[in-house]
Amino acid sequence: MSEPIYTQPMLKEGSLNGKVILITGGGTGLGKSMGKYFSELGADLIIASRKLDVLEKTAEELTSLTKRTILPVQCDVSKYEQVEELLSTSLKKFRKVDGLVNNAAGNFISPTERLSNRAFDIIVNIVLKGTYNCTLAFGKHWIKNKQKASVLNIVTTYATTGSAFVVPSAISKAGVLVMTRSLAVEWAKYGIRFNAIAPGAFPTKGAWDRLFPKDLQKKLDLTKKIPVGRVGDHQELANLAAYLISDYSAFVNGEVITLDGGEWIKGAGQFNMLEQITESNWDEIEAMVRQAK
Ligand code: HXC
Ligand code: NAP
């Protein structure tokens, strides 16, 4: 049987030819998957995070696969000076940067009352501060040099709904989402677009180790929460990300696209639990409801 179509590349060959794209957290997980596809589509990449050995390994792997240039740069995005260094290293190598994917994140599940102020800080500093640090440093450069650019912020569905047990992440992602919408308007005049993706469940080691540790996986079947009955495939996220970072999406600005198989909306709809009612139960229920007149 052939692979489902959503696991396959979607955009035309060469869709990102000539582009240089920075992906924070590009050495692992979804950042790596997006990077792989962007470079298959012709982009050169900068991948940046704290662990240089991980970045170098990914860069080597992707370069040998796609023959594009991939520059690994050690950078803690929560430190503004390091982000400025990242900008100058990127410009030295490529002379320009056309796209920024704010993908780096930190997260773990915990009842909020168990968190220290330092635990709160570490997440907010990576997710919210890291995103505005990169956006500000690269944005100032683009504006000064009259360079057009596309920014893609990776958020979560709970950026909109909020979520218990991941509160530092939720407030940070909400801030990132609001920044996406705010700058989409403010910086459109400079030719800089902002969009976001809110992924549902896309298995990665980074997220699963911290959010669905093995014991929890045994107790909770995640796919039961998802109307389409499966988790996401990395290629389907990479397809959407490539479209949003590319010039094909030139008229999409300030948008957040949810890619979660209907998961969050299933939690929200007031009568969604009626799904548990069987066809024969419905005969009785319908009869009761009809009596109401
Ligand atoms: C309570 C905790 C804790 C826990 C750490 N802390 N883990 N508190 N419960 N499970 C506290 C520590 O005690 C410390 O506070 C403070 O947090 C900082 O701890 P550090 O030791 O400095 O950090 P460390 O635990 O080493 O690292 C935390 C981290 C790390 C930086 C967030 O996990 C990391 O590097 N993560 C990057 C990758 C990642 O998180 N990926 C997942 C992204 S998924 P004190 O007071 O003791 O000093 C995602 C959304 C997914 O974002 C949505 C899925 C559907
Ligand atoms: P991941 O592999 O753990 O990715 C997180 C990345 O962030 C790592 O590469 C990490 O690299 C980097 N990072 C962390 N702190 C950093 C810092 N201070 N400076 C620079 N880089 C830093 O997890 P993932 O699942 O792929 O997550 C990627 C993105 O998708 C995140 O924004 C996450 O919130 C979002 N998301 C994921 C899911 C999912 O189901 N997987 C769902 C919703 C949203 P270093 O350790 O080398 O720094």
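For the structure, check the block above.
Cut-offs used in this document
Residues numbered from 1 in each chain as written. Chains lettered and ligands numbered in written order. Predicted model: local features only at pLDDT ≥ 70, side-chain atom pairs only at ≥ 80, totals over all residues. Heavy atoms only, no water. Near = heavy atom within 4 Å. Polar contact = N/O pair within 3.5 Å; in protein donor to acceptor, adjacent residues only side chain to side chain. Areas by Shrake-Rupley, 256 points an atom, 1.4 Å probe, with all protein chains shown as cover. Helix = DSSP H or I, 4+ residues; strand = E, 2+ residues; numbered from the N terminus. Pairing = 2+ DSSP bridges. Right-handed = clockwise from strand over helix to strand, strands pointing away. Axes fitted to C-alpha atoms, helices over the stretch in contact; angles between N-to-C directions. Parallel < 35°, antiparallel > 145°, perpendicular 65-115°, else oblique. Left-handed = near helix turned anticlockwise from the far one by under 90°. Contact = heavy atoms within 4.5 Å. Nonpolar A, V, L, I, M, F, W, Y, C, P; charged D, E, K, R; others polar. Core = buried A, V, L, I, M, F, W, Y, C linked by side-chain atoms within 4.5 Å. Buried < 20%, exposed > 50% of the residue type's maximum accessible area, 1.4 Å probe, protein only.

Caption draft 1: Geometry of the site of ligand 2. Within the structure, ligand 2 sits among 26 residues, and Thr-28, Ser-49, Arg-50, Asn-103 and Thr-204 are positioned closest to it. A distance of 2.8 Å separates an oxygen atom of ligand 2 from a polar backbone atom of Leu-30. With respect to ligand 2, the side chain of Asp-76 contributes an N or O atom lying 2.8 Å from a nitrogen atom. In isolation ligand 2 exposes 870 Å². Once the protein is present, 91% of that is buried. Within the residue set of the shell around ligand 2, elements represented by two or more residues are helix 1 (29–40) and helix 7 (205–211).

Caption draft 2: The pairing of strand 3 (residues 70–74), seen in detail. Sheet topology places strand 2 (residues 44–49) next to strand 3; five bridges connect them, and they run parallel. Considered in strand 3, the bridge of Ser-49 is made with Gln-74. Running through helix 2 (residues 52–66), the crossover from strand 2 to the neighbouring parallel element strand 3 is right-handed.

Caption draft 3: Main features of the packing of helix 3 (residues 80–94) against helix 4 (residues 117–144). Between helix 3 and helix 4, whose axes approach to 9 Å, the crossing angle comes to 45 degrees. It follows from the interaxial angle that helix 3 and helix 4 lie oblique. Considering the relative orientation of helix 3 and helix 4, their crossing is right-handed. On helix 4, the residues that touch Tyr-80, Val-83, Leu-86, Leu-87, Ser-90 and Leu-91 of helix 3 are Asn-133, Cys-134, Leu-136, Ala-137, Phe-138, Lys-140 and His-141. A class-by-class count of the residues in the contact of helix 3 with helix 4 yields nine nonpolar, three polar and one charged.

Caption draft 4: Seen up close, the nonpolar core. Ile-21, Met-34, Phe-38, Leu-45, Val-101, Leu-152 and Ile-197 are the most contacted members of the largest nonpolar core, which has 29 residues in total. Looking at this core, the elements with two or more residues in it are strand 1 (20–24), helix 1, strand 2, helix 2, strand 5 (149–154) and helix 9 (234–245). Take this core: its biggest share by element is seven residues, from helix 9. When sequence neighbours within four positions are dropped, the list of residues in contact with Ile-197 reads Leu-152, Asn-153, Ile-154, Val-155, Leu-237, Leu-240, Ala-241, Leu-244, Val-256 and Ile-257. One finds Leu-71, Val-73, Leu-86 and Leu-87 within the second-largest nonpolar core, a separate group that totals 27 residues.

Note that all results are geometric; they support no functional claim without further evidence.
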